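Chain by chain, the residues run as shown.
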Number of protein chains: 2
Amino acid sequence: MTLSLHERIRTDIESAILSGKLAPEDRLPVEHELMQTYQCSRMTVNKALSALAAAGLIERRKGAGSFVGRPHAHSMILDVPDLPVEVAKRGHVYGYQLLVRKLRAAARGNAEEELLAGGRRLLQLDGLHSADGAPLAVERRLVSLAAVPAIAEADLEKEPPGTWLLRHVPWTEAETRISAVPADAEIARLLKTPVGTACLLVERQTWRSSERITAVRQYFLGTAYHLVARFGSSRP
Amino acid sequence: MTLSLHERIRTDIESAILSGKLAPEDRLPVEHELMQTYQCSRMTVNKALSALAAAGLIERRKGAGSFVGRPHAHSMILDVPDLPVEVAKRGHVYGYQLLVRKLRAAARGNAEEELLAGGRRLLQLDGLHSADGAPLAVERRLVSLAAVPAIAEADLEKEPPGTWLLRHVPWTEAETRISAVPADAEIARLLKTPVGTACLLVERQTWRSSERITAVRQYFLGTAYHLVARFGSSRP
DNA sequence: CACCTTAGAATGTATAGACATATGGCGCAA
DNA sequence: TTGCGCCATATGTCTATACATTCTAAGGTG
């Protein structure tokens, strides 16, 4: 694989930074120096440096120069896969069972639900995810009918609502909270596990622009599931 | 904030994708059409499309065209904050206590430890994080002396090793596993909680290129801590 | 009908130049 | 000495063009 010139410039600088030859806050050669070094035009140098800046490795300041960025943006990519797909990838047979389907108003005094409902009704969907027939997770989901009227007619007996929503409703923003909680009586019964078992609790809300679409709480059997987040380029 | 032209083209297409106007696999207008639409040169269009491709939102195929990417959408940004900073941000007083500091060889037969050690010794660091004096998390960390010889002389009594490493050792890749486990006897004793309490277990390994730097297991008191991941721009 | 060739289309890379705009340091003046 | 303004510096954006590379589809040939 022969690299193009701007890729070569980019990787040269990248490895200088990663190897420590260039330390954080160090100043990089200015564009005209790099033009001379690589005997190329300024646009080519610019493309390489812009890519590094977009990746967060360097910081460019108009009028001042280019500088190596502070150690790291401590943020990683968290894969939040579709459960059926993820279970299948691990070699198990995925199953879903709809437990509760209920059209109702937002609970009075529950600010979260009232924001989600937006004056109209909510669709509550409780369900159980399983792998090879064994319970994996139980979820309670609320969907805003104001935002997604079409879901009232969707067939959600076999297909989990998360998957349906993924395919039918584009969202622009989402927030996920991850914590560990003991299973209460109801969760324990559904997951066929003792009360108090450690569960991974995933709470997620999604928006389209500023309109709230759905909120979900998923309780995973702690020993049977984990999330993975990555930073970096490689791929195991 | 007035956007530059290539930024405007980029955000226009971006919002068309996120709003669903452009579906995955859809073909984008070709560069010459966009030149006409925006009355600009091809380089400007190219810059916008290249940025979208770098971000993974679109895929460009030489000779064929540009296409909206597969919904790689559900990967989110997970903040992996420095614990002292995070605790302070929540308005508590952070504390750290080093429990064990031990230079040792990799455990025989433990492939993970042997890979990390790389033929040399490991530094084992066990410690307890607390907020307002109450135990928050216990961690066991192994650092490769082959990769980070300098840590042998570091003062790690007050400053947690994670913070020291963040400041002194650049890493290029990291992987985090998140799961929920019950506290065993030792963890429970250190966290001053009953055996079996639900704990959030965060396991992280970091590399510089292909050289392993450190591996850590952190047990968080489930009720006292949570992680947050986001997708999208705004939101508190 | 199956296969090969080929022309056109679309992106990839690179050049040379122009003007815009933010920065920081130097020198001049109060 | 201090403060202000100017200017050289460096990046930001954009143009117009050129040629390379790869894919697609049309059309011809056996």
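An unreviewed UniProt entry annotates chain A as Histidine utilization repressor of Nitrospirillum amazonense.

Peer 1: Help me out: how do you make sense of the overall build of chain A in this one?
Peer 2: Check the secondary structure of chain A and you find 7 helices and 10 strands. Its C-alpha radius of gyration of 24 Å places chain A more than 25% over the 18 Å reference for a compact globule of 236 residues. Among the 236 residues that make up chain A, the fraction classed as buried is 47%. Looking at chain A alone, contacts between residues at least 24 apart form 59% of all its contacts between residues at least 6 apart. Looking at chain A, you have 31 positive and 27 negative side-chain charges, and the mean spots of the two groups are 1 Å apart.

Peer 1: When you look at the protein's contact with DNA strand D in this model, what are you seeing that I'm missing?
Peer 2: DNA strand D sits among 24 residues. The nearest are Arg42 and Arg60 of chain A together with Leu5, Ser41 and Thr44 of chain B. Atoms of DNA strand D within 4 Å of the protein belong to the sugar or the phosphate in 69% of instances, the rest to bases. Note that a base nitrogen of DNA strand D is positioned 3.4 Å from one of the backbone N or O atoms of Gly63 of chain A. Mapped onto the surface near DNA strand D, the elements with two or more residues apiece are helix H3 (42–54), strand S1 (58–61) and strand S2 (65–68) of chain A together with helix H1 (5–18) and helix H3 (42–54) of chain B. Counted by class, the surface near DNA strand D contains 6 nonpolar, 10 polar and 8 charged residues.

Peer 1: Is there a simple way to explain the packing of aromatic side chains in this structure?
Peer 2: Aromatic ring pairs are reported here in terms of the distance separating the ring centres and the angle at which the planes meet. All names here are of chain A. If you walk through the whole model with that rule in mind, you get 2 aromatic pairs over all chains. Ring geometry for Phe220 versus Tyr225: centroids 4.3 Å apart, planes at 10°, classification stacked. Looking at Arg61, its charged tip hangs above the ring of Phe67, at a distance of 4.2 Å from the centre.

Peer 1: Is there a simple way to explain the pattern of salt bridges in this structure?
Peer 2: Two side chains that carry opposite charge are able to pair once their charged atoms sit near each other. All names here are of chain A. With the rule as written, the count across this model stands at 24 salt bridges over all chains. Put simply, Glu86 and Lys89 hold a salt bridge, and the shortest N to O gap is 3.8 Å. Highlighted residues: Glu86 and Lys89, both in helix H4 (residues 83–89), separated by 3 residues, approximately one helical turn. On the accessibility criterion, Glu86 (12% relative accessible area) is buried. One salt-bridge network, held together by shared partners, links Glu31, Arg42 and Arg60.

Peer 1: Quick question: what am I supposed to make of unusual backbone geometry here?
Peer 2: Residues other than glycine predominantly adopt negative phi, and peptide bonds predominantly adopt the trans conformation. All names here are of chain A. In this model, Glu25 sits at a positive phi of 80°, which is unusual for a non-glycine residue. Note that Glu25 resides in the loop between helix H1 (5–18) and helix H2 (31–38). Judged by relative accessible area, which is 49%, Glu25 ranks as partly exposed. The phi dihedral of Lys192 falls on the positive side, at around 55°, and the residue is not glycine. As for its position among the elements, Lys192 is in the loop between helix H7 (185–191) and strand S8 (198–208).

Peer 1: Looking at this structure, I do not really get helix H2 (residues 31–38) of chain B. What am I missing?
Peer 2: In an α-helix, one full turn covers 3.6 residues, which means residues spaced three or four apart are oriented alike. All names here are of chain B. For H2, the full list of buried residues reads Glu31, Leu34 and Tyr38. Take H2 and look down its axis: the buried residues cluster within an arc of 60°, on one side only. In this structure, H2 carries His32 and Gln36 as exposed residues pointing more than 90 degrees from its buried face. Structurally, H2 contributes buried residues whose contacts are with H1, H3 and strand S1 (58–61). Immediately downstream of H2, the backbone of Gln39 shows phi near 50°, a positive value.

Peer 1: Got a minute to help me understand the packing of H1 of chain B against H3 of chain B in this structure?
Peer 2: Two numbers describe a pair of packed helices, the interaxial angle and the distance between the axes. Residue and element names in this part refer to chain B. Between H1 and H3, the least distance of the axes is 8 Å, while the angle of their chain directions is 45°. Viewed along their axes, H1 and H3 adopt a mutual orientation that is oblique. For the crossing formed where H1 meets H3, the hand is right-handed. Contacts from Leu5, His6, Ile9, Arg10, Ile13 and Glu14 in H1 reach Thr44, Val45, Lys47, Ala48, Leu49, Ala51 and Leu52 in H3. Among the residues forming the contact of H1 with H3, the class breakdown is 8 nonpolar, 2 polar and 3 charged.

Peer 1: Would you mind showing me how to read the protein's contact with DNA strand C here?
Peer 2: Taken together, 24 residues sit near DNA strand C, with Leu5, Ser41 and Thr44 of chain A together with Arg42 and Arg60 of chain B positioned nearest. The protein-proximal atoms of DNA strand C, defined as those within 4 Å of the protein, are 68% sugar or phosphate. A distance of 2.7 Å separates a phosphate oxygen of DNA strand C from a polar side-chain atom of Thr44 of chain A. The contact in question runs from a sugar or linking oxygen of DNA strand C to an N or O atom on the backbone of Lys62 of chain A, over 3.3 Å. When contributions to the surface near DNA strand C are tallied by element, the ones reaching two or more residues are H1 and H3 of chain A together with H3, S1 and strand S2 (65–68) of chain B.

Peer 1: What should I look at first to understand the domain arrangement of chain A in this one?
Peer 2: One frequently used descriptor of interface size is the decrease in accessible area upon assembly of the parts. Domain boundaries assigned for chain A yield domain 1 (5–68) and domain 2 (76–231). Between domain 1 of chain A and domain 2 of chain A, the C-alpha centre-to-centre distance is 44 Å.

Peer 1: Teacher, can you tell me more about the packing of H2 of chain A against H3 of chain A here?
Peer 2: Residue and element names in this part refer to chain A. Between H2 and H3, whose axes approach to 9 Å, the crossing angle comes to 110°. Between H2 and H3, the interaxial angle falls into the category roughly perpendicular. With respect to the hand of their crossing, H2 and H3 are arranged in right-handed fashion. Contact with H2, carried on its side by Glu31, His32, Leu34 and Met35, involves Arg42, Val45, Asn46 and Leu49 of H3 and no other residues of that element. Along the lines of polarity and charge, the residues of the contact of H2 with H3 split into 4 nonpolar, 2 polar and 2 charged.

About the cut-offs
Residues numbered from 1 in each chain as written. Chains lettered and ligands numbered in written order. Predicted model: local features only at pLDDT ≥ 70, side-chain atom pairs only at ≥ 80, totals over all residues. Heavy atoms only, no water. Helix = DSSP H or I, 4+ residues; strand = E, 2+ residues; numbered from the N terminus. Rg over C-alpha atoms; globule rule 2.2 N^0.38 Å. Buried < 20%, exposed > 50% of the residue type's maximum accessible area, 1.4 Å probe, protein only. Contact = heavy atoms within 4.5 Å. Lys, Arg positive; Asp, Glu negative; His and termini not counted. Charge placed at Lys NZ, Arg CZ, Asp CG, Glu CD. Near = heavy atom within 4 Å. Polar contact = N/O pair within 3.5 Å; in protein donor to acceptor, adjacent residues only side chain to side chain. Nonpolar A, V, L, I, M, F, W, Y, C, P; charged D, E, K, R; others polar. Phe/Tyr/Trp six-rings, centres within 6.5 Å; stacked < 30°, edge-to-face > 60°. Lys NZ or Arg CZ within 6 Å of the ring centre and 35° of its normal. Salt bridge = Lys/Arg side-chain N within 4 Å of Asp/Glu carboxyl O. Arc of directions from axis to C-beta. Axes fitted to C-alpha atoms, helices over the stretch in contact; angles between N-to-C directions. Parallel < 35°, antiparallel > 145°, perpendicular 65-115°, else oblique. Left-handed = near helix turned anticlockwise from the far one by under 90°. Domains from an automatic or database assignment.

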